[in-house]
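Summary of structural features
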Amino acid sequence: MMTGSHCDCLICRLEISLIAELAADQNGEEFRQSAASSLVLSGFPTALALIRHLHRHQNESPSPSSDEVLLELLRPGIDMRFHPMWQRLFLLVFIPTIHRTTSQITTTFPSLTRDDIAQHLVTVLLESLHSDELRSRHSHLAFAIARMMRRRAFQWAIHESRRSQRDESDVTPTAHEAHVGEEHSRSVFLLGQFFDNCQRRGWLSSEERELLTQFKVEGISCPELARRNGHSAVAIRHRIQRLLDRLRRIAQKSVVGTPEQLDLFPR
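So, how was this worked out
Within any chain, residue numbers begin from 1 and follow the written order of that chain's sequence. Confidence filtering applies because this is a predicted model: local features only for residues at pLDDT of at least 70, side-chain atom pairs given and counted only at 80 or more, and all residues used for totals across whole chains, interfaces and linings. Only heavy atoms go into the side-chain values, all of them from the structure, while hydrogens and water stay out. The secondary structure listing takes helices from DSSP runs of H or I that are at least 4 residues long and strands from runs of E that are at least 2 residues long, numbered from the N terminus. In what follows, a contact means two residues having at least one pair of non-hydrogen atoms within 4.5 Å. A helix's residues, less one, multiplied by 1.5 Å, set its expected span. Relative accessibility decides the category of a residue: with a 1.4 Å probe and only protein chains considered, values under 20% of the type maximum give buried, values over 50% give exposed, and everything between is partly exposed. What the arc measures is the spread of directions leading from the helix axis to the C-beta atoms. Axis definition: a line fitted to C-alpha atoms, over the contacting stretch in the case of helices. Angles run 0 to 180 degrees between N-to-C directions. Any angle from 65 to 115 degrees is called roughly perpendicular, while one under 35 is roughly parallel, one over 145 is roughly antiparallel, and all others are oblique. Polar here means any residue other than Ala, Val, Leu, Ile, Met, Phe, Trp, Tyr, Cys and Pro, which are nonpolar, and Asp, Glu, Lys and Arg, which are charged; Gly is therefore polar. Think of a nonpolar core as a cluster: buried Ala, Val, Leu, Ile, Met, Phe, Trp, Tyr and Cys residues, connected wherever their side-chain atoms sit within 4.5 Å.

Right, let's get into the side chain of Arg 100. Residue position: Arg 100 is located in helix H6 (residues 95-108). Among all residues touching Arg 100, those that are not within four sequence positions of it are Ser 206, Arg 209, Glu 210 and Thr 213.

Listed below in structure tokens is the structure:
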């Protein structure tokens, strides 16, 4: 799979379905017809080749090339016949972000179901493609789209979680419980911002970010991560520590002091 994920969640099943649809012969011809009027898009033989190109640049530092492609996909005036295909393209481009953000929100707000969160993220992404905020941007588009999607999704999750608590119980949480929940949500949000910045600057790859997110945000233990990745728990623990040490060194050279997000990882 393009995301490298092997779970059976709604997002992974959606990815399989979208890949199958875009790989079909009739949709291959549809992509060529829709891309023919664009010098940028016509350089890709298939829709899946375009997706692989954008995923490759997401794993590295953002490039003008990826911005040019996304700008073409967002430009107004695209033939209405091709809008469904464009939506499938955008969903595939941001499947890794949707999958990662779904896991983060599921961990932070256990009262919400993973499928509901995933469905809301898909809706938020498609709605954001028509926003004035994106229309006015000409660089770092993938970063801006992902940030907008995460921000709106976390706002929705906070609202839904509070409503769920009111519906299920009349018991008011203690001040300590409320403080702990707010601190955890804040930590997850801060880490997401920090990882966004590190990935955008090329300090952190998508795979490295996923490892740190699984360890810190999702709370997956080193032995479980080792089982999933086919490595020893000691090797996984050492890799995480090397990543954190590298980020600390880079951060200390770039700013005064260590960012507070790194304080969330005790030495």
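Given a rise of 1.5 Å per residue, 14 residues ought to cover 20 Å, and the 20 Å separating the end C-alpha atoms of helix H1 (residues 10-23) matches this to within 8%. Three or more residues of H1 are buried, namely Ile 11, Cys 12, Glu 15, Leu 18 and Leu 22. Looking down the long axis of H1, one finds its buried residues gathered within 120° of arc, a one-sided arrangement.

Turning to the packing of H1 against helix H7 (residues 114-128), a few remarks are in order. Relative orientation of the contacting elements H1 and H7 amounts to 50°, with a least axis distance of 9 Å. Relative to H7, the element H1 is oriented oblique. For the pair H1 and H7, the contacting residues are Leu 10, Ile 11 and Leu 14 in the first and Asp 115, Ala 118, Gln 119 and Val 122 in the second. Residue classes in the contact of H1 with H7 are distributed as 5 nonpolar, 1 polar and 1 charged.

Right, let's talk about the nonpolar core for a bit. Across soluble globular proteins, nonpolar side chains show a tendency to be buried alongside one another. Counting 48 residues, the largest nonpolar core has Phe 31, Leu 50, Leu 73, Leu 89, Phe 90, Ile 98 and Leu 125 as the members making the most contacts within it. Counting residues per element, the ones that place at least two in this core are H1, helix H2 (25-35), helix H3 (47-59), helix H4 (64-74), helix H5 (83-93), H6, H7 and helix H9 (141-168). For this core, the element with the most residues is H9, which contributes 9 residues. Those residues in contact with Ile 98, other than ones at most four positions away along the chain, are Ile 11, Leu 91, Leu 121, Val 122, Leu 125 and Met 149. By size, the runner-up hydrophobic cluster in this structure holds 17 residues, among which are Leu 204, Ala 226, Ile 236 and Leu 244.

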